[in-house]
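# Inside the fold
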Amino acid sequence: MTYGTLVDSNVLLDIMTEDPVWKDWSTIALAEAAETGPLYINPIIFSEVSVRFSTVEALLGVSLFSERLG
């Protein structure tokens, strides 16, 4: 079994929207989790984040996703 971290949509949105309160914390937490193993999002988290984008291609072009997909 492969273990990893399920990343909450709030963490992703903090980073994507450059939230002035939470961006730094979320960026550090995400980086630390990435050092310990794979990062995962599920379909619900993907859908929560995707509503900010007009197309799937635009969402997948975000560096948070494209670095792992490429």
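The structure we're discussing is the one just above.
Residues numbered from 1 in each chain as written. Predicted model: local features only at pLDDT ≥ 70, side-chain atom pairs only at ≥ 80, totals over all residues. Heavy atoms only, no water.

### Considerations on the overall build of the protein chain
- A count of helical and extended segments in the protein chain gives 5 helices and 2 strands.
- Helices and strands appear in the protein chain in the N-to-C order β-α-α-β-α-α-α.
- Evaluated residue by residue, the protein chain yields a buried proportion of 23% over its 70 residues.
- A separation of at least 24 residues holds for 63% of the contacts in the protein chain among residues at least 6 apart in sequence.
- Surface summary for the protein chain: the accessible area is close to 5100 Å², and the carbon and sulfur share equals 57%. (Helix = DSSP H or I, 4+ residues; strand = E, 2+ residues; numbered from the N terminus. Buried < 20%, exposed > 50% of the residue type's maximum accessible area, 1.4 Å probe, protein only. Contact = heavy atoms within 4.5 Å. Areas by Shrake-Rupley, 256 points an atom, 1.4 Å probe, with all protein chains shown as cover.)

### Points about the packing of helix α1 (residues 9–16) against helix α2 (residues 23–36)
- As a packed pair, α1 and α2 sit with axes 8 Å apart at the nearest point and diverge in direction by 120°. By the angle between their directions, the pair α1 and α2 is classed as oblique. Between α1 and α2 lies a crossing whose hand is left-handed. The residues of α2 that touch α1, namely those facing V11, D14 and I15, are K23, W25, S26, T27 and L30.
- Residue composition of the contact of α1 with α2, grouped by class: 4 nonpolar, 2 polar and 2 charged. (Axes fitted to C-alpha atoms, helices over the stretch in contact; angles between N-to-C directions. Parallel < 35°, antiparallel > 145°, perpendicular 65-115°, else oblique. Left-handed = near helix turned anticlockwise from the far one by under 90°. Nonpolar A, V, L, I, M, F, W, Y, C, P; charged D, E, K, R; others polar.)

### Looking at the side chain of S9
- Relative to the elements of secondary structure, S9 occurs in helix α1.
- Among the polar contacts listed, one links the side chain of S9 to the side chain of E48, at a separation of 2.6 Å.
- Apart from residues lying up to four places away in sequence, S9 is in contact with I45, E48 and V49. (Polar contact = N/O pair within 3.5 Å; in protein donor to acceptor, adjacent residues only side chain to side chain.)

### Remarks on the nonpolar core
- Counting 9 residues, the largest nonpolar core is built from V7, V11, L12, L13, I15, L30, I45, V49 and L59.
- Sorting the residues of this core by element identifies α1 and α3 (43–50) as the ones contributing at least two each.
- Ranked by residues supplied to this core, first place goes to α1 with 4 residues. (Core = buried A, V, L, I, M, F, W, Y, C linked by side-chain atoms within 4.5 Å.)

### Some words on unusual backbone geometry
- With a phi close to 55°, E18 is a non-glycine residue in the positive phi region.
- Looking at the secondary structure, you find E18 in the loop between α1 and α2.
- Exposure remark for E18: the relative accessible area of 55% places this residue in the exposed category.

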